[in-house]
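# Notes for the structure review
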Amino acid sequence: MGHPSRTRTPKKIIREYRKAFREKNKIAKQNRHKTEYDNKEKTVPSQQQIFEVTLKRLHTLGNQKFGSTPFSEHFNRWLRTIETVLDEFETHQNINVDEQFTEERKQILETIKLQLENHQKRENTLEKQINNLSGTKKSLQQINKEHLTKALILKGQKIATLKQLNKELDTLKKEQNQIVKLKTGFFRGISKKEREKKEATVVQRYLDKQQEFEVVALDFKEKQKQLKEEYESKREPIIEEIKNLQKCVKEIDEDSSLEERWFACESLKDMLNNFFQRK
């Protein structure tokens, strides 16, 4: 028993059906876009709304803080945004700016551009100075190291020299004590005159050595003073430079352009308000 034959749809009919379906979708899409465009045309913002939106955008830009350094990297983007806001305001179909508006806008933007250029130059200078901070600190470390080495050497020389002089003084003191014993004892072969002569000689040698000790001690004290003065003369300028560079670090971490950018946006807002009153 054979299977019943199936009726096959001709390919031509299928192609015509698909073509009609595509045309239908195309027309529906065009109608949808037309409806959206008509709706937009119907909801064109009023002049008052345009002013309010523009003022809000300028207020936001005037209070915008840049999150990281270098802040100058954000300047061009910020300026472009300002110009875009003003361009969108001027080109709106409900706005017709006058010559005064155009001139005021030009002056305000030229002023803030010049101010931001100066901030960028200042920031570049600060960055170069800050790059020297590490080298300056190393210079201070080297000065401290050299001073410590010289101070230790001088201290060692002082201790060794005064120790030797003290040793010589002790020896002379012992000799003097021996002569005193000769004076009070009974030793043959040594006359009174000879004992007195020996005592005078030892006493003089002791006094000379004591004087030498004092002179040497004063000399070392003077050398230590000179060494410290030399150290301070090298150290103080470096410390002052480091302080200045640390101020630069603090300054570069603060966006000094914020106040001027805020003032520029406030000037633009005043310009818009004055224009609105004229209109």
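Residues numbered from 1 in each chain as written. Predicted model: local features only at pLDDT ≥ 70, side-chain atom pairs only at ≥ 80, totals over all residues. Heavy atoms only, no water.

### Description of the overall build of the chain
Each helix and strand in the chain was counted, giving seven helices and zero strands. Going from N to C terminus, the chain has its helices and strands arranged as α-α-α-α-α-α-α. Counting all 279 residues of the chain, 24% fall into the buried class. A separation of at least 24 residues holds for 86% of the contacts in the chain among residues at least 6 apart in sequence. Of the accessible surface of the chain, which amounts to about 21,100 Å², a share of 51% is contributed by carbon and sulfur atoms. (Helix = DSSP H or I, 4+ residues; strand = E, 2+ residues; numbered from the N terminus. Buried < 20%, exposed > 50% of the residue type's maximum accessible area, 1.4 Å probe, protein only. Contact = heavy atoms within 4.5 Å. Areas by Shrake-Rupley, 256 points an atom, 1.4 Å probe, with all protein chains shown as cover.)

### Re the pattern of salt bridges
Note on pairing: side chains with opposite charge can pair once their charged atoms come close. Summed over all chains, the structure comprises 14 salt bridges. Where salt bridges share partners, they join D87, E90 and R105 into one cluster. (Salt bridge = Lys/Arg side-chain N within 4 Å of Asp/Glu carboxyl O.)

### Section: the packing of aromatic side chains
Scanning the entire structure with this criterion turns up seven aromatic pairs. Relative to F275, the ring of F51 lies with its centre 6.0 Å away and its plane at 35°, an arrangement referred to as tilted. Of this pair, F51 sits in helix α2 (residues 47-62) while F275 sits in helix α7 (residues 258-278), and the two are 224 residues apart along the sequence. Among the residues examined, F51 registers a relative accessible area of 3% and is labelled buried. Measuring from ring centre to ring centre gives 6.2 Å for F89 and F275, while their planes differ by 80°; the resulting arrangement is edge-to-face. Here F275 lies in helix α7 and F89 lies in helix α3 (residues 75-90), a separation of 186 residues in the sequence. Grouping residues by exposure puts F89 and F275 together as buried. (Phe/Tyr/Trp six-rings, centres within 6.5 Å; stacked < 30°, edge-to-face > 60°.)

### Focus: the packing of α2 against α7
At a closest axis distance of 8 Å, the pairing of α2 and α7 adopts a crossing angle of 170°. Judged by the inter-axis angle, α2 sits roughly antiparallel to α7. Mapping the contact onto sequence places Q47, Q48, F51, T54, L55, L58, H59, L61 and G62 in α2 and L258, R261, W262, C265, L268, K269, L272, N273, F275 and F276 in α7. Here the residues of the contact of α2 with α7 are counted per class, giving 11 nonpolar, six polar and two charged. (Axes fitted to C-alpha atoms, helices over the stretch in contact; angles between N-to-C directions. Parallel < 35°, antiparallel > 145°, perpendicular 65-115°, else oblique. Nonpolar A, V, L, I, M, F, W, Y, C, P; charged D, E, K, R; others polar.)

### Focus: the environment of L258
Within the secondary structure layout, L258 lies in helix α7. C-alpha separation for the pair L258 and K65, spaced 193 residues apart in sequence, amounts to 6.9 Å. For L258, the residues in contact, after removing those within four places along its chain, are G62, N63, Q64 and K65.

### Here's the deal with helix α4 (residues 99-131)
Helix length check: α4 (33 residues) gives 48 Å between terminal C-alpha atoms against 48 Å at 1.5 Å per residue, within 8%. Buried within α4 we find F101, R105, I108, L109, I112, L116, H119, E123 and L126. (Expected span 1.5 Å × (residues − 1).)

### Quick notes on the packing of α4 against α7
Taken N-terminus to C-terminus, the directions of α4 and α7 make an angle of 180°; their axes are 10 Å apart at the nearest point. Judged on the interaxial angle alone, α7 and α4 are roughly antiparallel. In contact with Q100, F101, E104, R105, I108, I112, Q115, L116 and H119 of α4, α7 contributes E260, R261, A264, S267, L268, M271, L272, F275 and R278. Split by residue class, the contact of α4 with α7 holds nine nonpolar, four polar and five charged.

### Here we look at α2
Its 16 residues place the ends of α2 22 Å apart at the C-alpha level, agreeing with the 22 Å of an ideal helix rising 1.5 Å per residue. Turning to α2, its buried residues are I50, F51, T54, L55, L58, L61 and G62. Along the axis of α2, the buried positions cluster into a sector of 130°, meaning they face one direction only. Turned more than 90 degrees away from the buried face of α2 sit K56 and T60, all of them exposed. Looking at the buried side of α2, the elements it contacts are α3 and α7. (Arc of directions from axis to C-beta.)

### Quick notes on the confidence of the model for the chain
Chain-level statistics for the chain give a pLDDT mean of 82 and a share of 80% at 70 or above. Taken element by element, the predicted model of the chain shows its lowest mean pLDDT in helix α1 (residues 11-42) (58) and its highest in α3 (93). Scored below 50 in pLDDT, residues 1-9 shows one contact in the model against residues more than four places distant or in partner chains. (pLDDT = per-residue confidence, 0-100.)

### Here's the deal with the side chain of K269
Along the polypeptide, K269 turns up in helix α7. The class of K269 is buried, set by a relative accessible area of 14%. Excluding anything up to four places from it in sequence, K269 contacts L55, L58 and H59.

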